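These are the residues of each chain, in order.
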Amino acid sequence: MIEASAGAGPVPPPGSPRCPHPARIGTTELGGDHAVIAVATTADALDGARGTGGAGGSDSALAQALAASAAGADLVELRLDLLAPPTEGLAPAAPEALASSWHEAILVVAAALAPTGTPLLATARSRREGGGAALAPREHAEALGALIDLQAGGRGERPIADALDVELSTGALAALAERAHEEGIAVVASSHDFTATPPDEEMLERLERMEADGADCAKIAVMPRSEEDVDRALQVAARARASLSIPVAVISMGERGRRSRLEGWRYGSALTFATVTADPATASAPGQPPIAALLPLSHRDRSKTASKPGGSPQAD
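Just so it is clear, the structure is predicted and the values come from calculations on it, not from any experiment.

What follows concerns the UniProt feature "binding site: 3-dehydroquinate" (unreviewed entry) in the chain. Here, UniProt's "binding site: 3-dehydroquinate" (unreviewed entry) annotation points to S58, E77, L78, R79, R125, R261, T282 and Q288. Here L78 lies in strand β6 (residues 75-79). Assessed through its relative accessible area of 0%, L78 is described here as buried.

Written out as structure tokens, the structure reads:
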């Protein structure tokens, strides 16, 4: 897949090759002929009725989701962990209470996005991986399992999430992926390292475990300490694309790693994340470029994108 020229390093392929098993997330195909651009919400309030968002204000997660869709995002990521959690006195919310709160937020945002046809990825990022959910791995898995059950109960009444992020570190990816697939919910498995870029073989092993455990897409995000780290991450993306059958996403974070978000598609990374504006404060992770910088790279004609709500995703 990767050809070497005399006196030069590996040459990336001219565009990510199509996966043997692309993943459908609503109207979006991961691992197909085009790079997929996702935009995440970062607000702590769902809508104008809660928190600091104001009535329909741009600070609400709902408004951010709609703005991302209007800007051309292929996928909206609802960051459930950044929303103000329910309180039970002074104690942290139990997994079941969190799941119920997350479920209600998903119903609101999914219903608002349905007329646009933009799929919804629901993510509850843990603190151990750079997010806001203060949950141990077992509690995290319990909360996600309860969320899937609630989403299953809501199917048919209102739109639900098209995909769910499941961290490899929960230790329950296989069970959660099986349960999600029963309800037509795709699974994006993830692993994050905000301090360093692990050895190449370790990154590859994580991606391979995600595929083995039933994920529809395998994603890792790492922090580079040098330009060499960025190069290594991109080469891992190319190696993973050559050996795995599902879509992969390998992201090098921070300003140093920004080029991985812009060039990753050439190495086989099927998914990248952007912001609606150029304000870095709106990013859900360091180094995300504005979506305007990524749209020309995806080579996708968005004028032909279906405007109808997306259907239930299924891995091909």
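So, next bit.
All right, on to the side chain of S269 then. One can find S269 in the loop between α7 (258-263) and β12 (271-274). Looking at S269, the relative accessible area reads 4%, which means it is buried. Within polar-contact distance, the side chain of S269 engages the backbone nitrogen of V250 at 3.0 Å.

Of all five residues in strand β8 (residues 163-167), five are buried; the element is thus mostly enclosed. Where burial is concerned, the two faces of β8 agree: the one with A163, D165 and E167 and the one with L164 and V166 are both buried. One ladder, built from two bridges, connects strand β7 (residues 120-123) with β8; its direction is parallel. For L121, the partnering residue across the bridge sits in β8 and is A163. Relative to strand β9 (residues 186-193), β8 is paired through five bridges, and the arrangement is parallel. Residue pairing across strands places L164 opposite V187, the latter belonging to β9. Taking the sense of rotation as the criterion, the β-α-β connection linking β8, helix α4 (residues 173-182) and β9 turns out right-handed.

Cut-offs used in this document
- Residues numbered from 1 in each chain as written.
- Predicted model: local features only at pLDDT ≥ 70, side-chain atom pairs only at ≥ 80, totals over all residues.
- Heavy atoms only, no water.
- UniProt positions renumbered as here; feature names shortened; annotations may be inferred.
- Helix = DSSP H or I, 4+ residues; strand = E, 2+ residues; numbered from the N terminus.
- Buried < 20%, exposed > 50% of the residue type's maximum accessible area, 1.4 Å probe, protein only.
- Polar contact = N/O pair within 3.5 Å; in protein donor to acceptor, adjacent residues only side chain to side chain.
- Pairing = 2+ DSSP bridges.
- Right-handed = clockwise from strand over helix to strand, strands pointing away.

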